[in-house]
Amino acid sequence: MTASVSNQPGAAVALFISDLHLQPAHPRTTQAFLDFLREQARRVQQLYLLGDLFEYWAGDDDLETPYNREIAEAIRQVSESGVQVFWIAGNRDFLAGEGFAQAAGLTMLPDPSVITVGGRRLAIAHGDAQCTDDLAYMEFRAQVRQPQWQAQFLALPLAQRKAIIAGVRKESQEEQRHKSMEIMDVNPAAVTALFDTTATTTLIHGHTHRPARHHSGDGATARTRYVLPDWEYDVKAQRGGWIAIDADGAIRRFGHDGQELAD
Ligand SMILES: [Mn+2]
């Protein structure tokens, strides 16, 4: 991400990223994230991590793993430099709890949340809760988001939890091959419901790995949905990037090389 050094975010006050799927097997993606924290995040007032920062999170006791500790430390350094860091859990790291929040110096937010940045009121979410066409996933989500299920799972030894998660990841990779592209995207009615219940006209989410800016309606019913990219720097066709909101409320998208997208 050396290209990002020459890129001035201008008057950006907040940055949004998601779906980095950080893991030791992806050293370039990890480095791109650490570079982003140092070169971009420290210049703004707020950093929003909108889910699936980690490929998986087995429980806060996994902070004993040096890799996880290093990532948490890097985020905490940004926080300690005066940047407010916020977290919305993804479907892969929803088991991150208060121990992680403290280690990373961040504040956890519910999904969805309504925030005001640069005078603009908007909704933020991971995005998986709006993928309502995937009935099997919604059922799984409802189960694993129950406090009682989580307490039981977290009571298992760490090694056993990791083995179970590895099994679920393998299973879901195989399932996704048979699911249609539509099923794995957000459902339009679910998105409309989110706009309605939050009384917002702007939404930023991730999860689907389909970076875009979608406009709908016009005039008083105009709504804009921004989708964040996933990050993958350990392949030839690299992916990544972020969304910035400026002090005047302008929303800008940036690509994996740090260059602003024309939209
Ligand atoms: Mn996700």
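Provided above is the structure to which this section pertains.
Below: a short report on this structure. Note that the structure is predicted; figures quoted are calculated from it, not measured.

## Notes on the sheet that holds strand β6 (residues 120-125)
- Within the open sheet, the five strands sit side by side as β5-β6-β7-β9-β8. Their pairing is mixed. Two strands in the sheet have a free side with no partner beyond their single neighbour: β5 (113-117) and β8 (212-216). Averaged over all adjacent pairs, the angle separating strand axes in this sheet is 25°, with direction ignored.
- The pairing of strand β7 (residues 202-205) with strand β9 (residues 223-227) spans four bridges and is classified as parallel. Each residue of the ladder has a partner; that of I204, found in β9, is Y226.
- Contacts from helix α7 (residues 188-198) reach β5, β6, β7 and β9, with the element oriented near 115° to β9.

## Description of the coordination of the manganese ion
- The protein atoms that coordinate the manganese ion are D52 (OD), N91 (OD1), H126 (NE2) and H207 (ND1), at distances of 2.1 to 2.2 Å.
- Owing to a relative accessible area of 0%, H126 belongs among the buried residues under this scheme.

## Some thoughts on the sheet that holds strand β1 (residues 12-17)
- With respect to topology, six strands assemble into an open sheet ordered β4-β3-β2-β1-β10-β11, the strand pairing being mixed. Two strands bound the open sheet, and with one partner strand each, they are β4 (107-108) and β11 (251-254).
- Bridge count for β1 against strand β2 (residues 46-49) is four bridges, and the pairing is parallel. In the strand pairing of β2, L15 is matched with L47.
- Packing of helix α1 (residues 27-39) onto the sheet brings it into contact with β1, β2 and β10 (242-246), and relative to β1 it is tilted by some 165°.

## Let's talk about the nonpolar core
- Within the largest apolar cluster, 46 residues are counted, with the highest numbers of intra-cluster contacts made by F33, L53, I75 and F100.
- Contributing elements (two or more residues each) for this core: β1, α1, β2, α2 (66-80), β3 (84-87), α3 (98-104), α6 (158-176) and β10.
- Per-element accounting of this core gives the leading share, six residues, to α2.
- Once you skip the residues sitting within four places of it in the chain, I75 turns out to touch F33, L37, L49, L53, V85, A104 and L106.

## Remarks on the packing of aromatic side chains
- Under the counting rule described, the total for this entry stands at 12 aromatic pairs.
- Here the aromatic rings of F54 and W57 are separated by 4.7 Å at their centres, their planes lie at 45°, and the arrangement is tilted. The burial state of F54 is the same as that of W57; both residues are buried.
- Feature note: the residues F36, W231, Y233, W242 and F254 constitute an aromatic cluster, connected by ring pairs.

## As for unusual backbone geometry
- Note the cis peptide between D111 and P112, where omega equals 0°.
- In this fold, P112 is placed in the loop between β4 and β5.
- Positive phi, normally seen in glycine, also occurs at D52, with a value near 55°.
- Looking at the secondary structure, you find D52 in the loop between β2 and α2.
- Given the relative accessible area of 1%, D52 is considered buried.
- One non-glycine residue, A199, lies in positive phi territory at about 50°.
- Mapped onto the elements of the fold, A199 is located in the loop between α7 and β7.
- You can call A199 exposed: its relative accessible area is 56%.

Parameters at a glance
Residues numbered from 1 in each chain as written. Predicted model: local features only at pLDDT ≥ 70, side-chain atom pairs only at ≥ 80, totals over all residues. Heavy atoms only, no water. Pairing = 2+ DSSP bridges. Helix = DSSP H or I, 4+ residues; strand = E, 2+ residues; numbered from the N terminus. Axes fitted to C-alpha atoms, helices over the stretch in contact; angles between N-to-C directions. Contact = heavy atoms within 4.5 Å. Donors = N, O, S within 2.8 Å, 3.2 Å for Na, K, Ca; no water. Buried < 20%, exposed > 50% of the residue type's maximum accessible area, 1.4 Å probe, protein only. Core = buried A, V, L, I, M, F, W, Y, C linked by side-chain atoms within 4.5 Å. Phe/Tyr/Trp six-rings, centres within 6.5 Å; stacked < 30°, edge-to-face > 60°.

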